[in-house]
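Report on the structure
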Amino acid sequence: MNPTTENIIEVTNVKKYFKDVKAVDGVDLEIKTGEYVALLGPNGAGKTTLVEMIEGIQKPDSGEIRINGKKWRGNRDALHKIIGISFQETRFMDKITVNETLKMFASFYDLDLDRVQLILKLINLEEKQKSYVVNLSGGQRQKLALGIALLNKPPLLLLDEPTTGLDPTARREMWDILFRLKKENNTTMILTTHYMEEAETLCDRIVIMDQGKILAKGTLDELLSENKSGEVIEFGLEGNGHTPDFSRLKGMQSVHYNEENAKGKLIVDDIAIQLPHFIDTINEQNFKLKSLECRKMTLDDLFIKMTGRRLSD
């Protein structure tokens, strides 16, 4: 079988409940070798629980997870060797250097010093290798965490919000590293992120989860096409203490309005048709329009439409 099309991960009807909470509720997911997949969902969607079951940290209540065709039971040592994991926040020993930190983790895999130097080069920390970890910036710490995850050349990467809190430059540097891994090593990656741009830029496919279920999965173009992508009217109002009522506005797919800042977003079938009716509606309800933007729908808009929440909620 062609390694670029073989499934490295197969999740079949997996469920995980915690008392009355259906954290993961009958999920099916296949990921091909060399594919980068973004797993998106608001807090409580079930994505962390799903990833932890793929990592082998938690066991499903029912269903099956196979990695490289193997279940976790009876194959833990073999599967640990092919998976690299990087969390949103990793704690290191502060009073040892970057080089010493990598050497320590490399010793767990019986790796030589050449591998440590290759990783330092890959994550662009060669100039910082003699620096104490406590003196690293947030972006440098995240690159170090990624470097540790890559020490044993894992074909599968599981990254949990690896760029959260980083400035744009540090985030781009992380993206460059991940692009190189995909191109040079045919690495497979599952990425959880709160940055829509990150999902759109890095990943081949996007999986949207909420309330323990997968709502949609596919490429960005597929998701927008299959879910009646529509168009967006984004607006700001001079608040009058009320929420505008758009229930009689025809051709509206969804509405999201924040009373605190009096800003909202409508997803409509056709801006050219709905915009005049939108303006008439707010005028009739004694709102004053402060800002207005009309545009095509994005992944962020689709996410709000499907879940009723922003990704950061």
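Up top you'll find the structure we're talking about.
Residues numbered from 1 in each chain as written. Predicted model: local features only at pLDDT ≥ 70, side-chain atom pairs only at ≥ 80, totals over all residues. Heavy atoms only, no water.

Looking at the packing of helix α3 (residues 98–108) against helix α4 (residues 113–122)
At a minimum axis separation of 10 Å, α3 and α4 run at an interaxial angle of 130 degrees. Relative to α4, α3 is oriented oblique. Crossing of α3 over α4 shows right-handed handedness. Packed against α3, whose contacting residues are V98, N99, L102, K103 and A106, the element α4 presents L113, V116, Q117, I119 and L120 at the interface. Looking at the contact of α3 with α4 residue by residue, the classes come out as seven nonpolar, two polar and one charged. (Axes fitted to C-alpha atoms, helices over the stretch in contact; angles between N-to-C directions. Helix = DSSP H or I, 4+ residues; strand = E, 2+ residues; numbered from the N terminus. Parallel < 35°, antiparallel > 145°, perpendicular 65-115°, else oblique. Left-handed = near helix turned anticlockwise from the far one by under 90°. Contact = heavy atoms within 4.5 Å. Nonpolar A, V, L, I, M, F, W, Y, C, P; charged D, E, K, R; others polar.)

What to know about unusual backbone geometry
Within the chain, D110 stands out as a residue other than glycine whose phi angle is a positive 60 degrees. Even without glycine at this site, N186 takes up a positive phi of about 55 degrees. Summarising the element assignment, N186 is placed in the loop between α6 (168–185) and β7 (188–192).

Considerations on the environment of I267
Structurally, I267 is set in strand β12 (residues 263–268). The exposure class of I267 is buried, given its relative accessible area of 1%. The spacing of I267 and L302 is 35 residues in sequence and 8.9 Å in space, taken between C-alpha atoms. (Buried < 20%, exposed > 50% of the residue type's maximum accessible area, 1.4 Å probe, protein only.)

As for the sheet that holds strand β5 (residues 83–86)
Pairing is mixed in the open sheet, where six strands are placed in the order β5-β6-β7-β3-β8-β9. Whereas interior strands pair on both sides, the edge strands pair on one side only; in this sheet they are β5 and β9 (213–218). On average, each strand axis in the sheet is tilted by 15 degrees relative to the strand beside it, whichever way the strands run. For strand β8 (residues 205–210) and β9, the ladder comprises five bridges, and the chain directions are antiparallel. Each residue of the ladder has a partner; that of I208, found in β9, is A216. On the sheet, helix α1 (residues 47–55) packs against β3 (36–40), β5, β6 (156–160), β7 and β8 and is oriented at approximately 140 degrees with respect to β3. Helix α5 (residues 138–150) contacts β5 and β6 of the sheet and is inclined by roughly 165 degrees relative to β5. (Pairing = 2+ DSSP bridges.)

What to know about the pattern of salt bridges
On inspection of all chains with the given rule, the structure shows 16 salt bridges. A salt bridge links R66 to E64; the nearest nitrogen and oxygen atoms lie 2.8 Å apart. Ionic contacts of the salt-bridge type, sharing partners, join the residues E234, K265, E293, R295 and D301 into one network. (Salt bridge = Lys/Arg side-chain N within 4 Å of Asp/Glu carboxyl O.)

Some words on the packing of α5 against α6
In a packed pair of helices, the relevant descriptors are the angle between the two axes and the axis-to-axis distance. Running from N to C, α5 and α6 point in directions that differ by 15 degrees, and their axes come no closer than 9 Å. Looking at the two axes, α5 sits roughly parallel to α6. The chirality of how α5 crosses α6 is right-handed. On α6, the residues touching G139, Q142, K143, L146 and L150 of α5 are A170, E173, M174, I177, L178 and L181. When the residues that make up the contact of α5 with α6 are grouped by side-chain class, the tally is seven nonpolar, two polar and two charged.

Focus on empty space enclosed by the protein
A full pass over the atoms with the stated rule returns one cavity of 30 Å³ or more. By volume, the largest cavity amounts to about 30 Å³. Around the largest cavity, the lining residues are L29, V37, A38, L39, L50, I54, I190 and V207. Here the lining of the largest cavity takes three residues from β3, the largest share from any one element. Among the residues making up the lining of the largest cavity, the classes are represented as eight nonpolar, no polar and no charged. (1 Å grid on protein atoms, 1.4 Å probe; cavity = no way out; pocket = protein on both sides within 12 Å on 5 of 7 lines; lining within 4 Å. Points joined across faces, edges and corners; volume = space filled by probe spheres on them.)

Things to note about the sheet that holds strand β10 (residues 231–238)
Taken together, four strands build an open sheet; the order of strands is β11-β12-β10-β13 and the sheet is antiparallel. Here the strands that pair on one side only, and so sit at the sheet edges, are β11 (252–258) and β13 (288–296). Averaged over neighbouring strand pairs, the angle between their axes works out to 15 degrees when direction is ignored. Direction of pairing for β10 relative to β12: antiparallel, over a ladder of six bridges. Residue pairing across strands places F235 opposite G264, the latter belonging to β12. The sheet strands contacting helix α10 (residues 299–307) are β10, β11, β12 and β13, and the helix crosses β12 at an angle near 90 degrees.

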